[in-house]
Amino acid sequence: MADIFYDADADLSLIQGKKVAIVGYGSQGHAHAQNLRDSGVEVVIALKEGSKSIAKAEEDGFEVKTVADAAEWADLIMILAPDQHQRTIYNNEIEPHLTAGKTLAFAHGFNIRFGYIEAPEGVDVILVAPKAPGHTVRREFVAGRGIPDIIAVENDASGHAWDVALSYAKAIGGTRAGVIKTTFTEETETDLFGEQAVLCGGVSQLVQYGFETLTEAGYQPQIAYFEVLHELKLIVDLMWEGGIAKQRWSVSDTAEYGDYVSGPRVIDAHVKENMQAVLADIRSGAFAERFINDQDNGAVEFKELREKAAAHPIEAVGKDLRALFSWKQQDSDYVEGSAAR
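Residues numbered from 1 in each chain as written. Predicted model: local features only at pLDDT ≥ 70, side-chain atom pairs only at ≥ 80, totals over all residues. Heavy atoms only, no water.

Caption draft 1: Structural detail: the pattern of salt bridges. Counted under the stated rule, the structure contains 13 salt bridges. The partner of Arg-87 in a salt bridge is Asp-296, with the nearest N and O atoms 2.6 Å apart. Taken together, the residues span a long stretch of sequence, with Arg-87 in helix α5 (residues 83-94) and Asp-296 in helix α16 (residues 286-296) at a distance of 209 residues. With a closest N to O distance of 3.8 Å, Arg-139 and Glu-140 form a salt bridge. (Salt bridge = Lys/Arg side-chain N within 4 Å of Asp/Glu carboxyl O. Helix = DSSP H or I, 4+ residues; strand = E, 2+ residues; numbered from the N terminus.)

Caption draft 2: View of the packing of aromatic side chains. One pass over the structure, following the stated rule, counts 8 aromatic pairs. Note on Tyr-25 and Phe-62: the rings are 5.9 Å apart at their centroids and 65 degrees apart in plane angle, and the pair reads as edge-to-face. Of this pair, Tyr-25 sits in the loop between β2 (19-23) and α2 (27-38) while Phe-62 sits in the loop between α3 (53-59) and β4 (63-65), and the two are 37 residues apart along the sequence. The two residues Tyr-25 and Phe-62 agree in class, both being buried. For the ring pair Phe-110 and Tyr-116, a centre distance of 6.1 Å and an interplane angle of 5 degrees mean the geometry is stacked. Residue classification places Phe-110 among the buried residues on the basis of a relative accessible area of 1%. Taken together, the ring pairs in this structure connect Phe-110, Phe-114, Tyr-116, Phe-287 and Phe-291 into an aromatic cluster. (Phe/Tyr/Trp six-rings, centres within 6.5 Å; stacked < 30°, edge-to-face > 60°. Buried < 20%, exposed > 50% of the residue type's maximum accessible area, 1.4 Å probe, protein only.)

Caption draft 3: Here's a closer look at a negative patch on the surface. A cluster of acidic residues, Glu-49, Asp-69, Glu-72 and Glu-93, forms a negative patch at the surface. Tracing the chain through its elements places Glu-93 in helix α5. In this structure Glu-93 comes out as partly exposed when scored by relative accessible area, which is 31%. (Patch = residues over 30% accessible without salt bridge, like charges linked within 9 Å, V, L, I, M, F, W, Y side chains within 5 Å. Areas by Shrake-Rupley, 256 points an atom, 1.4 Å probe, with all protein chains shown as cover. Lys, Arg positive; Asp, Glu negative; His and termini not counted. Charge placed at Lys NZ, Arg CZ, Asp CG, Glu CD.)

Caption draft 4: Fine view of the sheet that holds strand β6 (residues 103-106). What the 9 strands build is an open sheet, ordered β1-β9-β8-β7-β6-β5-β2-β3-β4; its pairing is mixed. What marks the edges here is a single partner per strand, and that holds for β1 (4-5) and β4. Pairing between β2 and strand β5 (residues 76-79): 4 bridges, direction parallel. Pairing of Val-23 across the sheet is with Ile-79, part of β5. (Pairing = 2+ DSSP bridges.)

Okay, structure coming up:
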């Protein structure tokens, strides 16, 4: 069984006694910073000179420092910049000021797991990862609720790293919902696998193949769009609420029977074998190396893949259909506390 912690298990005063620098003010950055501040923590925002986020952070009432100045000032430095930029920011701006007794924190273990960042001895290295987008982390906190977090410790130089990670999680609302203990390796490998094999890569490819199968058989692309993409949210919401069992209970008997007899024909044993190969590439570091090398090369492959995906016919059909809807989907229309990362 997983170790799960709640409000009573965490000492908020630990993080309240530290000066915290949040590196980045994007989706997660603004949520962490604002939730920490509301929990009585002294926070500054660390941004590079000329960043477009400076005005937003200052408008929200935060002091903004350069990353180097913030790293020198802070007791705990939470890096919330994109994975591909973290090691450069760390090497140039943070490491020179990372003295013994400080804490280096992450919300995703990518750079630690694959060795792109190596913290010096005497520094605690922790992970606090809310399992939702930043705007949801903030919205749930303001509503008096929270988003489940996972926490990990890579280096416990102080002997109190776990307690600090739990305190940080409490300050951003995680212990209201439950905080699960993990490792940097487990968080990173399962997160990447979930994104690639199921949540993003798997679902996107499945939807596109479904659309192509129907349109190539002569069905209207608009009807195909509704059947393989638009209604997907209804199914996912049911799964989120009560697992696969609730989804099957909620749909028609025809749909449930088709689930049982046709699902395994589409997603057969070869798909699981392919998933195992994806996991092997993640665990070996092959995916990380391919991603970082491409980013260092100007993201040539990434941009080509993005452009190719954007040109798929389902995107044009969907854009035209959504423009006809009498309603517009807003964040508040989604299930409260969505667990999407």
